[in-house]
Amino acid sequence: MSTLLSGLNTEQLNAVTLPHQSALVLAGAGSGKTRVLTTRIAYLIQSRQVSPHSIIAVTFTNKAAKEMLARISTMLPINTQGMWVGTFHGLCNRMLRAHYQDAGLPQTFQILDSADQIAVIKRVLKGIGADDEKFPPRQVQWFINNAKEEGLRGSQVEAYDDFTRKMVEFYLVYEQQCNKDGMVDFAELLLRSYELLTRNEILRRHYSGRFSHILVDEFQDTSQLQYKWLKLFAGAGAAVFVVGDDDQSIYAFRGANTGNMREFEHDFRISKIIKLEQNYRSHGNILDAANTLIRNNSGRLDKNLWTSEGHGEPLRVYNAPTDFDEAAFIVDEVKSLHAGGVELSQIALLYRSNAQSRVLEHALFNASLAYRVYGGMRFFERQEIKHALAYLRMIANPDDDNALLRIINFPVRGIGARSLEQLQDDAKQLGGSLWQAALEKYSSGAVSSQASEDMETVLHSRNKKIDKPKKGVNSFVVLIEAIQQGCDELSLPEIVDHMLEHSGLVDYYRAEREGANRLENLHELINAATSYIQEAEDDSLAGFLAHASLEAGEHQSGNNQDALQLMTVHSAKGLEFHSVFLSGLEEGLFPHENSRNEAGGLEEERRLMYVALTRARRRLYLSFAQNRMLHGQTRYNIPSRFLQEIPDGLLKWLHPLQKKVITQQVPGIMGRESGTTDQVFGMLTQKSRLRMKESTIDIRDTEASRWHVGQNVTHAKFGAGVIVNREGGGADARVQVKFNHAGTKWLSLEYAKLAST
DNA sequence: ACTGATTCTTTTTTT
DNA sequence: AAGAATCAGT
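These notes cover the structure that comes with them.

Cut-offs and rules
- Residues numbered from 1 in each chain as written.
- Chains lettered and ligands numbered in written order.
- Predicted model: local features only at pLDDT ≥ 70, side-chain atom pairs only at ≥ 80, totals over all residues.
- Heavy atoms only, no water.
- Pairing = 2+ DSSP bridges.
- Helix = DSSP H or I, 4+ residues; strand = E, 2+ residues; numbered from the N terminus.
- Axes fitted to C-alpha atoms, helices over the stretch in contact; angles between N-to-C directions.
- Contact = heavy atoms within 4.5 Å.
- Core = buried A, V, L, I, M, F, W, Y, C linked by side-chain atoms within 4.5 Å.
- Buried < 20%, exposed > 50% of the residue type's maximum accessible area, 1.4 Å probe, protein only.
- Near = heavy atom within 4 Å.
- Polar contact = N/O pair within 3.5 Å; in protein donor to acceptor, adjacent residues only side chain to side chain.
- Disulfide = S-S within 2.5 Å.
- Nonpolar A, V, L, I, M, F, W, Y, C, P; charged D, E, K, R; others polar.
- Salt bridge = Lys/Arg side-chain N within 4 Å of Asp/Glu carboxyl O.
- Expected span 1.5 Å × (residues − 1).

Time to look at the sheet that holds strand 2 (residues 55–59). The strand order across the open sheet formed by 6 strands is 3-2-6-7-1-8, and the pairing between neighbours is parallel. A strand with exactly one partner marks an edge of an open sheet, and here the two such strands are strand 3 (84–87) and strand 8 (274–276). Pairs of neighbouring strands in the sheet enclose a mean axial angle of 15°, with direction left out of account. Direction of pairing for strand 6 (residues 213–216) relative to strand 7 (residues 239–244): parallel, over a ladder of 4 bridges. Bridge assignment links His-213 to a residue of strand 7, and that residue is Ala-239. On top of the sheet, helix 4 (residues 62–75) reaches strand 2 and strand 3; it is set at about 155° to strand 3, its chief contact. The sheet contacts of helix 5 (residues 88–98) involve strand 2 and strand 3, and relative to strand 3 the element is tilted by about 125°.

This is the structure we're talking about:
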């Protein structure tokens, strides 16, 4: 007990030991939020004799849920399996599985991730002959999800204009399709379980009675519907303990509603907000920068982070000519940090959008630095895995049209658009799934052909209609049935293995030239199944499939070696690192240009920036590039306004060698002496920009002219050699070097650190 | 039905 | 720049 609470500061202790009442904890970045939550749970169980069975803890990501469970079990020797800890979506799934009948769902209902959802929408649109130029599937998806988030069914949405009426129509057909196939999208998980509780009084009583304590992490990220869902769970008697930081709300695009914090204050009669303001993570300068920046936002709940640590280093700012230079700079700095004893895994490279990782990866790869990219293409989103999952879905529930369409001709078995159309028509007539239609066709060559037709036509049409397409469809039906039968008595990993072998997927990718990686992923899927049955209490195939949809990421066939961490700012939330590089600080990128048109968009971007800054413990690099390649063309950018919102005194500007000259030529641009914002930052005139560019090239050319054919050189990695050729000029200058021991290579003078010997 | 070529389009962030 | 989607030719 005393060990449980030791080391907590006054506010933390206060929060942890609160009596049975609802509470709002406003917890700044790095203020020990997770610790407070987990300790509170442990404290409730240990000192208040609260049964783990009556505690529910909601987190925002699966990762956070896992970590919470792990921390609790180190504090208390209890079985955490009975506890309800998870994301909103995860918990809703759990509930719907338990009461699938009451919820009007088939036992094997499938969860659609966004990509699946788009696919279904596309199919639906095509099915009713809608013009997908005029109604882009993305927009339809957005409409549907928004409606669901507001708690509205297709029949309840009010439409006053043609466009909306059309959208509603799509929504209705989409709903129908989902119901028919037993599919549930993310928003549906929430809405469905919300409705279940609203309608079903017995269940509602059961749950609101069962949970005496509800704890919510990252409360600022909850949506309207999620909040209503919470209130339903809480009923009248539960103590609801929510922890959040309005400054770190970065999911408004997904429906997060900071206003929930104020509503909560009101709804649950919170008399005093508990504030955790001592930061245990970052040095003073970093914190000051973050605090100053975020003060530019309006309507914040008041809070100011402080630290008892010293100021530490200034933030380092780097102005790179191009994104390549930026990457090269980062690589250099990482190397010296690493050489100085900082573990690679303690260094993070953060960026606003996933696409930015490419340049960085390229540079890191060439420098042979170990790195790991989070997010981006996730494990369960890869095409080979999606294919494999589709086969598994067919085993679990063959009426899943979506899954069927994905794999009916993959690997190819001669089923083209023609036979598919046929099948879809049959299904429509039958009023059943594609699978049922396929079965019908396959199992009965002599189906009730219309008696009115004469014999010849029947024979004729049978030969043409049934024989030919039947071949393909037939083989598919046989295959799926064979796999299904083969799965009896098998464990989950064995089912996966069995499916992989017999579906032909393994053979397909084995034959593919670039298939090695995909093969590896397919095998990794077996491992994923193995670890799933070890961790989850429900080891059914349906459970595994739900898991795959809900937890798309975090399963990488990865090694645990010390590696740099690359991720978006969003996915860095909740993490901390010794050193952080924040790259791409340019207008249009961060803040992102799309945020301009959205209400509150800029403030959300600023919060995102705040999150990014507060990830760093000791050292923080901020960098931007004047030119950046985007969608295949170069864009000229001006530095992010957020840079300017950080006090000068906290920044230390780093300049590459060439830059010194530029500074002299164009004073007032690089130096940040007095002057209006526009002069300093941005609005570089076309002319001055040009001047900068020219001067850069000039210098480079001098740089390049240092090298000539026949010169003896050494390279850090390849050793000694002689220049045998050179081409290009300016930024593109390259030399061909014949190395004594490493063959002949073309090297870019810009990056290859050649030394003359 | 399949292949190769051409055009199009890109998510900002995630359950 | 790269991948997906569509189109044309076989």
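Another point: the nonpolar core. Proteins that are soluble and globular tend to have nonpolar side chains buried together. Core analysis: the largest hydrophobic core is formed by 50 residues, its most contacted members being Phe-380, Leu-392, Phe-476, Met-499, Leu-500 and Leu-505. Here the element with the most residues in this core is helix 16 (residues 383–396); it accounts for 8 residues. Among residues more than four places away in sequence, those in contact with Leu-392 are Ile-495, Val-496, Met-499, Leu-541, Phe-544 and Leu-545. Within the second largest apolar cluster, 45 residues are counted, among which are Leu-189, Leu-196, Phe-219 and Phe-264.

Going from Phe-410 to Pro-411, the amide bond is cis rather than trans, its omega being -5°. Here Pro-411 lies in the loop between helix 17 (401–407) and helix 18 (417–430). For the bond from Phe-590 to Pro-591, the omega torsion is 10°, close enough to zero to count as cis. Of note, Pro-591 is situated in the loop between strand 13 (577–582) and helix 26 (601–613). Phi angles above zero are rare outside glycine, and Ser-368 is one such case at about 45°. With respect to the helices and strands, Ser-368 occurs in the loop between helix 15 (357–366) and strand 11 (371–373). In this model, Glu-489 sits at a positive phi of 70°, which is unusual for a non-glycine residue.

The subject of this paragraph is the protein's contact with DNA strand B. Within the structure, DNA strand B sits among 30 residues, and Arg-254, Arg-352, Gly-416, Asn-594 and Glu-598 are positioned closest to it. Atoms of DNA strand B within 4 Å of the protein belong to the sugar or the phosphate in 53% of instances, the rest to bases. The separation between a base oxygen of DNA strand B and a polar side-chain atom of Ser-114 is 3.2 Å. One of the side-chain nitrogen or oxygen atoms of Ser-419 is found 3.4 Å away from a phosphate oxygen of DNA strand B. Listed by contribution, the elements that provide at least two residues to the surface near DNA strand B are helix 18 and helix 25 (569–572). Considering every element that reaches the surface near DNA strand B, the biggest residue donor is helix 18, with 3 residues.

This part is about the state of the cysteines. By the definition in use, this model includes 0 disulfides. The cysteine Cys-178 is free of any disulfide, with Cys-92 supplying the nearest cysteine sulfur at 16 Å. Judged by its relative accessible area of 6%, Cys-178 falls in the buried class.

Right, let's get into the protein's contact with DNA strand C. The environment of DNA strand C is made up of Lys-122, Arg-358, His-631 and Gly-632. Each atom of DNA strand C within 4 Å of the protein was assigned to sugar, phosphate or base; sugar and phosphate come to 33%. The class makeup of the residues in the surface near DNA strand C is no nonpolar, 2 polar and 2 charged.

All right, on to the pattern of salt bridges then. Within this structure, the stated rule accounts for 39 salt bridges. Across the pair Asp-221 and Lys-573 runs a salt bridge, and its minimum N-O distance is 2.4 Å. Pair noted here: Asp-221 is in the loop between strand 6 and helix 11 (224–234) and Lys-573 is in the loop between helix 25 and strand 13, with a separation of 352 residues, a long-range link. Since its relative accessible area comes to 3%, Asp-221 is described here as buried. Residue classification places Lys-573 among the buried residues on the basis of a relative accessible area of 12%. Salt bridges sharing partners connect three or more residues here, namely Lys-148, Arg-153, Glu-175, Asp-185, Glu-188, Arg-192, Glu-195 and Arg-199.

Along the chain, Leu-575 turns up in the loop between helix 25 and strand 13. The exposure class assigned to Leu-575 is partly exposed, which follows from its relative accessible area of 23%. For Leu-575 and Val-611, which are 36 residues apart along the polypeptide, the C-alpha to C-alpha distance reads 9.7 Å. Not counting residues up to four positions away in its chain, the partners in contact with Leu-575 are Lys-63, Arg-281, Met-567 and Arg-615.

Next up on the list: helix 6 (residues 114–127). For helix 6, spanning 14 residues, the distance from its first C-alpha to its last is 20 Å, which sits close to the expected 20 Å at 1.5 Å a residue. Among the residues making up helix 6, those that are buried are Asp-116, Gln-117, Ile-118, Val-120, Ile-121, Arg-123, Val-124 and Leu-125. On the buried face of helix 6, the contacting elements are strand 4 (110–112), helix 7 (137–149), helix 8 (162–181), strand 5 (183–185), helix 16 and helix 17. With a side-chain oxygen positioned 3.1 Å from the backbone nitrogen of Ala-115, the residue opening helix 6 is Asp-113. Count one or two residues on from helix 6 and you reach Gly-129, which has phi positive near 65°.

This next bit is on the pairing of strand 12 (residues 564–568). Of all 5 residues making up strand 12, 5 are buried, and the element is well covered by its neighbours. Neither face of strand 12 is open: one carries Leu-564, Leu-566 and Thr-568, the other Gln-565 and Met-567, and all of them are buried. The sheet contact formed by strand 10 (residues 347–351) and strand 12 spans 4 bridges and is parallel. Counterpart to Leu-350 in the pairing with strand 12 is Met-567. Pairing analysis gives 3 bridges linking strand 11 to strand 12, with the strands arranged parallel. Each bridged residue has a counterpart across the sheet, and for Val-373 the counterpart in strand 12 is Leu-566.

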